[in-house]
Amino acid sequence: MVPTTSGAGPHLGAVLPGCVAALLGRKNPLGLPAARSVIVVVVDGLGASALKSRRGHARTLAGALTSSSVITTGVPTTTAAALTTLMTGEDPGQHGVVGYAVLDEAGDRVVNQLNGWGGSVDPLVWQRRPTIFESGTVRGVAVGAKKYRSSGFTAATLRGGDYRPADEIGERFDVALEAAREAPGTLVYLYIPEADQAAHAEGWQSDRWTAALEEIDGALTAALPRLGKGNALLVTADHGIVDVPGSRHVLIDERRELVDGVRHVGGEPRMLHLYFEPDLPDVERAALLDRWRAAEGERAWVRGRDEAIAEGWFGAAVDAEVAPRIGDILVAARGSVAYYDSRTATVGARAMIGQHGSWTPEETRVPLLRFPA
Ligand SMILES: [Zn+2]
């Protein structure tokens, strides 16, 4: 089976171009009606299936969830890649943020794409496409926690917008509502990482995740009556979550035949990017890929870089400058497993329950909820 989400409804990358069209009163593939201002709320890690499972705890969100309000996010189903896709309207093969942690070939190192910016990885260069906020067609405002205001990832994905910090979820809605009301033609991005953080710590099936969902639903419910005439609000997500217990961790370094010849292990536990030693002969590269297929082909989608590119994993086209950032071997978990390199994995990384990065429907299918309905 070739993993694909094509034909599975609209894509996350179409959301902001659709909003811009709605602000300009133009028809758009999402069918969004003309709007005065639009608020796009991103609930990090809110998969459509998890929301459905906890619908009794999120009446407003779940009440807007129908079969036509589910869209697909791209792979890797990870925050850095997906939020960059959302904010640029382009696929990872074009914007260049192709995973959670990827190879900077010039620096011969793996760089975390959320918090590892700097040095040779300049957010204004490494993320290669203009953001929607830079397009000049709308007035862009981003609302998020204070600590993200000056981050490299914010510069990579939200440049061109006015960043307004607010630490509490309810306060973020207040700031977003104010921005939407103060001038027509405003596109507001509102970021909520709290549910994702709860899922990583304890899983989406935990009480902590449910509590975070309830808090978000409560803040949304309180905000909607104050949206303002002609304004619209959308709720979407960058990816969903799969809970993986520690007993399902696969330690790749325990099998020498799977790591000999690998110089760097990048990506994340459900979407490994493995980079060869530069001097590894072609015949050994092919043999290493074959060993991965034989060992993990049942419970993971294992692909060589060229195969994955040809199958469209990173979008219709991958720019030559972006290709070396993609693993020579990609290992995308199918089942409830997560791949770790115990030589380098931190205690915190090993303690993570909620995971994502791969192609399963729980990870790729996210809501696109519209308010007013
Ligand atoms: Zn995320």
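The structure this text deals with has already been given above.
Here is a short report on the structure shown in this document. (Residues numbered from 1 in each chain as written. Predicted model: local features only at pLDDT ≥ 70, side-chain atom pairs only at ≥ 80, totals over all residues. Heavy atoms only, no water.)

**Digging into the coordination of the zinc ion**
Then, in step 1: For the zinc ion, the full set of protein donor atoms is Asp44 (OD), Thr79 (OG1), Asp238 (OD) and His239 (NE2), and the range of their distances to it is 1.9 to 2.3 Å.
Then, in step 2: Given four donor atoms and angles of 92 to 136 degrees at the metal, the environment of the zinc ion is assigned as irregular.
Then, in step 3: In primary sequence terms, the donor set of the zinc ion follows D-x34-T-x158-D-H. Residue Asp44 is found in the loop between β1 (38-43) and α2 (48-53), and its partner Asp238 is found in the loop between β8 (232-236) and β9 (242-243); the two are separated by 194 residues along the sequence.
Then, in step 4: Look at Asp44 and you get buried, because its relative accessible area is 1%. (Donors = N, O, S within 2.8 Å, 3.2 Å for Na, K, Ca; no water. Tetrahedral: all angles 85-135°; square planar, octahedral: opposite > 155°, others 65-115°. Helix = DSSP H or I, 4+ residues; strand = E, 2+ residues; numbered from the N terminus. Buried < 20%, exposed > 50% of the residue type's maximum accessible area, 1.4 Å probe, protein only.)

**Description of empty space enclosed by the protein**
Then, in step 1: Overall, the coordinates contain one cavity of 30 Å³ or more when judged by the stated rule.
Then, in step 2: Of the pockets and cavities examined, the largest cavity occupies roughly 30 Å³.
Then, in step 3: What lines the largest cavity is Thr73, Gly74, Val75, Pro76, Ala81, Ala82, Thr85 and Pro92.
Then, in step 4: In terms of residue count, the dominant contributor to the lining of the largest cavity is helix α4 (residues 79-88) (three residues). (1 Å grid on protein atoms, 1.4 Å probe; cavity = no way out; pocket = protein on both sides within 12 Å on 5 of 7 lines; lining within 4 Å. Points joined across faces, edges and corners; volume = space filled by probe spheres on them.)

**So, the layout of surface pockets**
Then, in step 1: In this structure, the largest pocket encloses a volume near 1100 Å³.
Then, in step 2: A total of four residues in the lining of the largest pocket trace back to one element, the largest contributor, which is strand β11 (residues 262-268).
Then, in step 3: By residue class, the composition of the lining of the largest pocket is 24 nonpolar, 16 polar and four charged. (Nonpolar A, V, L, I, M, F, W, Y, C, P; charged D, E, K, R; others polar.)

**Some remarks on the sheet that holds strand β13 (residues 300-304)**
Then, in step 1: Spatially, the four strands line up as an open sheet ordered β11-β12-β14-β13, and their pairing is antiparallel. Each having just a single partner strand, β11 and β13 make up the two edges of the open sheet. Pairs of neighbouring strands in the sheet enclose a mean axial angle of 15 degrees, with direction left out of account. (Pairing = 2+ DSSP bridges. Axes fitted to C-alpha atoms, helices over the stretch in contact; angles between N-to-C directions.)

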